[in-house]
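# Report on the structure
Chain residues, written in single-letter form:
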Amino acid sequence: MQKNVTGISEMEAKITLHPQFTIGSVDPRLFGGFIEHLGRAVYEGIYEPGHPEADADGSRRDVIELVRELGTPITRYPGGNFVSGYNWEDGVGPTEKRPARLDLAWKSLEPNTFGTNEFMAWCKKADTAPMMAVNLGTRGSEAARDLVEYCNHPGGTYWSDLRRQHGYEQPHQIKLWCLGNEMDGPWQIGHKTAEEYGRVACEAAKLMKWIDPSIELVVCGSSHAAMPTFASWEATVLEQTYDHVEYVSIHTYFGNPHDETPRFLSLSDDMDRFIKRVVAVCDAVGAKKKSEKKIMLSFDEWNVWFHSNGKNQESKDWTVARPLLEDVYTMEDALVVGSMLIALLNNADRVKIACIAQTVNVIAPIMTRKGGGAWRQTIFFPFSATSKYGRGAVLRQAVESPFYDTEFLHYGVMTKLENVPTLTSATVYNEEAGEIVVFAVNRDLKSAIPLTVHLDGFEVERVIEWITLHHADLKAVNTENDEPVQSVPMEGAAGADGVVRAQLPAASWNMIRVKVRR
Ligand code: AHR
């Protein structure tokens, strides 16, 4: 076996860390969720009056329990594409007076029996804070201004008093707002050019902040990295909004439609590159403006999404809660989700907000059956563990890893991909708990990797736990009655003399928690 310069073999992986070399601290909002009026996310998902688990508001208690376990400190709402055709006024006040509308984004019937106030009540129960989007598709600054007044102004004005009449005496105090959704996409209701969107976003932002200066705003970036307008969109939009917003959004979904798993597992590296490109554009605009301010990123849609593609026609148009985007996730999808979380952690200095898209039934870690149970998909497990333990300062890692080469179909042409690191990892130091937490994915489909983690500047007390997500069948899935893919405790990780050792199983996601002293 070949040895490299530092003495480890070509089959081993080594991470070296030091407490003084940090990337940034983790904002808990990195582990956000998303509930859109889409498919069965709201109706038959979080809200199902008459279900045996429903509370007095119609919220499913079993789903609330799972959302708490998942650990999503913020939840984006009400869309997504849906928000670009939404009249928020339709969803407040006495339910019997609310109009049913055609939702053009998802060809569904929107009954409006669940709206802003119901969502706010649900957030409290689910231990999550709202991230509210305004409609800049069919509407504009006026409707955005009115919604902020309705939600955040204490009282004594038309919209704030209407909220009080609706039974909500205290303002909702919603701190985080999205200025529309994916406005660069031709599929969007009210799609705009960057110039058009930049103008309306700037004006909406001004009015919203004049009503409540404490709010933070997310302006739309590109819908994905391959958008033809990528980068020039961000530059033009930020030219117009830089002084009025705190974050630019970024979205990414990955899939494995041609069953090219080695390539699929490498895609989180593309996510990392996409983040760095968006950061570069933000900083270029900042430099041009000679601004001291740094725009942060809100990765407010990310996940695996491809299993349900082409299946919309299986459910009837213009019905309430027509099943859409119900991806059933496999073991390998969970490896990609775990790796995407690693990419987010490793960019914690600039990505302050991220929302897995979505939370329930629609490309989601949690599934429900109408009148039946609720269960955890495979992707639930890396998410819940990273949300729970990925807190503190992300450490800069020096990583030595084996590499692999693979091929994949790119627009019909077989394309080579070389030097993909077999190990992808992120390490977080939680000073308060005295813990180092290593998140690591072994992308090798056949062989385990011996991993050593060198904790320079720390004294290792003991390995608290090592959990792994691994299944012999990469296509294994969870169902209502059986969750065969879930993280399990592992034996055999040992720490001595500042070094932690573990043998990461082939095709596995891992979390190793180590008690340390400094
Ligand atoms: O999350 C599903 C959809 O994906 C959202 O509505 C939209 O913003 C994106 O294209």
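So, here's what we can say about the structure. (Residues numbered from 1 in each chain as written. Predicted model: local features only at pLDDT ≥ 70, side-chain atom pairs only at ≥ 80, totals over all residues. Heavy atoms only, no water.)

### A short note on the packing of helix α1 (residues 61-70) against helix α9 (residues 380-389)
Closest axis-to-axis distance for the α1/α9 pair is 8 Å, and the angle between their directions is 60°. Judged by the angle between their axes, α1 and α9 are oblique. Contacts between α1 and α9 involve L66, E69 and L70 on the former and, on the latter, F380, F383, S384 and S387. (Axes fitted to C-alpha atoms, helices over the stretch in contact; angles between N-to-C directions. Helix = DSSP H or I, 4+ residues; strand = E, 2+ residues; numbered from the N terminus. Parallel < 35°, antiparallel > 145°, perpendicular 65-115°, else oblique. Contact = heavy atoms within 4.5 Å.)

### Comments concerning the sheet that holds strand β26 (residues 508-517)
Here seven strands make up an open sheet; going across it, the order is β2-β15-β19-β20-β26-β22-β23 and the pairing antiparallel. In this open sheet, the two edge strands, each paired with only one partner strand, are β2 (22-25) and β23 (488-489). Pairing of β2 with strand β15 (residues 393-395) involves three bridges; the strand directions are antiparallel. Paired with S25 across the two strands is A393, which belongs to β15. Each of β15, β19 (423-430), β20 (435-442), β22 (459-469) and β26 touches helix α8 (residues 331-345); the most contacted strand, β20, lies at about 135° to it. The strands touched by α9 within the sheet are β20, β22 and β26, with β26 carrying the most contacts at an inclination of about 15°. (Pairing = 2+ DSSP bridges.)

### Here we look at the site of the ligand
Contacts to the ligand come from 13 residues, most closely from E36, N81, E182, Y253 and E301. N81 has a polar backbone atom sitting 2.9 Å from an oxygen atom of the ligand. One nitrogen or oxygen atom from the side chain of Y253 is found 2.8 Å from an oxygen atom belonging to the ligand. In the complex, the protein chains occlude 95% of the 280 Å² of accessible area that the ligand would expose alone. One can see that the ligand is located within the largest pocket. Grouping the amino acids of the shell around the ligand by side-chain chemistry returns six nonpolar, four polar and three charged. (Near = heavy atom within 4 Å. Polar contact = N/O pair within 3.5 Å; in protein donor to acceptor, adjacent residues only side chain to side chain. Areas by Shrake-Rupley, 256 points an atom, 1.4 Å probe, with all protein chains shown as cover. 1 Å grid on protein atoms, 1.4 Å probe; cavity = no way out; pocket = protein on both sides within 12 Å on 5 of 7 lines; lining within 4 Å. Sits in = over half its atoms within 2 Å of the grid points. Nonpolar A, V, L, I, M, F, W, Y, C, P; charged D, E, K, R; others polar.)

### Let's talk about the layout of surface pockets
As a volume, the largest pocket reaches approximately 1200 Å³. Surrounding the largest pocket, 39 residues form its lining, H224, A226, Y253, F254 and G255 being those nearest its centre. Taken together, the elements giving at least two residues each to the lining of the largest pocket come down to β10 (247-254), α7 (261-288) and β17 (403-410). Taken together, the residues of the lining of the largest pocket break down into 19 nonpolar, twelve polar and eight charged. (Points joined across faces, edges and corners; volume = space filled by probe spheres on them.)

### Here we look at the sheet that holds strand β21 (residues 449-455)
Pairing in this open sheet of five strands is mixed, and the strands run β16-β1-β21-β25-β24 from one edge to the other. The open sheet has two edge strands with one neighbour each: β16 (398-400) and β24 (494-496). With direction set aside, neighbouring strand axes in the sheet form an average angle of 15°. Sheet topology places β21 next to strand β25 (residues 499-504); six bridges connect them, and they run antiparallel. Opposite L451, over in β25, you have A502 as the bridge partner.

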